Amino acid sequence: MSNPKPIIGVLALQGAVELHKAHIEACGAEYLAVKTPAHFAQVDAFILPGGESTTMLKLIERFNLWDSLAKEFSKKPVWGICAGSILMASKVISPAQKAFGLLPITIERNGYGRQLESCHVQILGYEVSFIRAPIITEISDDVEILSQYDNKPVWVQLGNKIASTFHPELNKQYPSPMHKYFVDLVRENA
Ligand code: GLN
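Predicted model only: the values in this text are computed from it and were never measured.

A. Focus on the overall build of the chain. Counting secondary structure elements, the chain contains 6 helices and 12 strands. What you see for the chain is a C-alpha radius of gyration of 15 Å, in line with the 16 Å of a compact globule of 190 residues. Dimensions of the chain along its principal axes, counting C-alpha atoms only, are 40 × 40 × 30 Å. Carbon and sulfur atoms provide 50% of the accessible area of the chain, an area that totals close to 8600 Å².

Here you go:
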């Protein structure tokens, strides 16, 4: 049975959280900023926002959230954006760091280096931003590539887990096609 108004929880420890609200609401879904296990249990799906993955990891450890997040992630759709995609990977390099292993991909932090600290590009005719973005350097055969940029996968999916190395939420044309894709997936998943 599909759920017409799913609740999308955006992990609100650090990073670009609030910017997702207008996109989620434009998809006809409900936005909730989440940071406690009680919140995590309430939502139908998660967005792990962009920001700084090391800071997010520190806060997850400090507030003892790892186990409750891992449990919820195993049951529900998750979309990780930039730093969030790093948290989802099975392997993180440069440097190595802990991650939830939700997608069989290897991801290199700050992979575009300094010359490409930030840039705007069109994906599906929609302007998105790369901000000190990681690069997906290895990808398991079962992972579907939804979009590439510069010959590299930048938006990937396996089942109900999605990662994008770019930010669509800075664009004020609501909703972004990526939010629409995710909310449709959450509706189908219900
Ligand atoms: N460079 C950041 C990290 O490694 C990610 C940047 C972003 O989320 N825009 O966590």
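B. Inspection of the site of the ligand at higher detail. For the ligand, the full set of nearby residues is Gly50, Gly51, Glu52, Ser53, Cys82, Ala83, Ile86, Arg109, Asn110, Ile131, Arg132 and His167. Ser53 is positioned with one of its backbone polar atoms (N or O) 2.7 Å from an oxygen atom of the ligand. In this structure, a nitrogen atom belonging to the ligand sits 2.8 Å away from a side-chain N or O atom of His167. The fraction of the free accessible surface of the ligand (300 Å²) that becomes covered by protein chains is 98%. The class makeup of the residues in the shell around the ligand is 4 nonpolar, 5 polar and 3 charged.

C. Main features of the nonpolar core. Residues Ile60, Leu69, Phe73 and Phe100 are the most contacted members of the largest nonpolar core, which totals 32 residues. If near-sequence neighbours (up to four positions away) are discounted, Phe100 is found in contact with Ile60, Trp66, Leu69, Ala70, Phe73, Leu87, Met88 and Ala89. If you look at the next biggest cluster of nonpolar residues, it comprises 31 residues, including Ile123, Ile135, Trp155 and Phe182.

D. Main features of the sheet that holds strand β6 (residues 103–108). Strand order in the open sheet formed by 3 strands is β5-β6-β9, with mixed pairing between adjacent strands. Each edge of the sheet is formed by a strand with only one pairing partner; in this case those strands are β5 (89–93) and β9 (135–139). Adjacent strand axes in the sheet meet at a mean angle of 30° when their direction is disregarded.

E. Region of the structure containing the packing of aromatic side chains. Under the defined criterion, the tally for this structure stands at 9 aromatic pairs. Centroid distance Trp66 to Phe100: 3.8 Å. Interplanar angle 10°. Geometry classified as stacked. Highlighted residues: Trp66 in helix α4 (residues 66–75) and Phe100 in the loop between β5 and β6, separated in sequence by 34 residues. The structure contains a cluster of three or more aromatic residues connected by ring pairs, namely Phe40, Phe46, Trp66, Phe73 and Phe100. Its guanidinium or amino end placed over the ring of Trp66, Lys98 lies 4.1 Å from that ring's centre, counting from NZ or CZ.

F. Structural detail: helix α3 (residues 53–62). For α3, the complete set of buried residues consists of Ser53, Met56, Leu57, Leu59 and Ile60. What you see down the axis of α3 is that its buried residues fit within an arc of 165°, all on one side. Turned more than 90 degrees away from the buried face of α3 sit Lys58 and Arg62, all of them exposed. Those residues of α3 hidden inside the fold are in contact with β1 (7–11), α4 and α5 (83–88).

G. Expanded view of the sheet that holds strand β12 (residues 161–164). Pairing is mixed in the open sheet, where 7 strands are placed in the order β2-β1-β3-β4-β12-β11-β10. Both outer strands of the open sheet, β2 (30–34) and β10 (144–149), are each paired with one neighbouring strand and no more. Strand after strand, the sheet turns through a mean of 20° between neighbouring axes, direction not considered. Summarising the sheet, β1 and β2 pair through 5 bridges and their orientation is parallel. Along β2, the bridge assignment pairs Val10 with Ala33. Packing against the sheet, helix α6 (residues 177–189) makes contact with β1, β3 (45–48), β4 (78–81), β10, β11 (152–158) and β12, and its axis sits at approximately 155° to β3.

Definitions and cut-offs
Residues numbered from 1 in each chain as written. Predicted model: local features only at pLDDT ≥ 70, side-chain atom pairs only at ≥ 80, totals over all residues. Heavy atoms only, no water. Helix = DSSP H or I, 4+ residues; strand = E, 2+ residues; numbered from the N terminus. Rg over C-alpha atoms; globule rule 2.2 N^0.38 Å. Areas by Shrake-Rupley, 256 points an atom, 1.4 Å probe, with all protein chains shown as cover. Near = heavy atom within 4 Å. Polar contact = N/O pair within 3.5 Å; in protein donor to acceptor, adjacent residues only side chain to side chain. Nonpolar A, V, L, I, M, F, W, Y, C, P; charged D, E, K, R; others polar. Core = buried A, V, L, I, M, F, W, Y, C linked by side-chain atoms within 4.5 Å. Buried < 20%, exposed > 50% of the residue type's maximum accessible area, 1.4 Å probe, protein only. Contact = heavy atoms within 4.5 Å. Pairing = 2+ DSSP bridges. Axes fitted to C-alpha atoms, helices over the stretch in contact; angles between N-to-C directions. Phe/Tyr/Trp six-rings, centres within 6.5 Å; stacked < 30°, edge-to-face > 60°. Lys NZ or Arg CZ within 6 Å of the ring centre and 35° of its normal. Arc of directions from axis to C-beta.

Remember that the coordinates give geometry; whether it matters functionally is a separate question.
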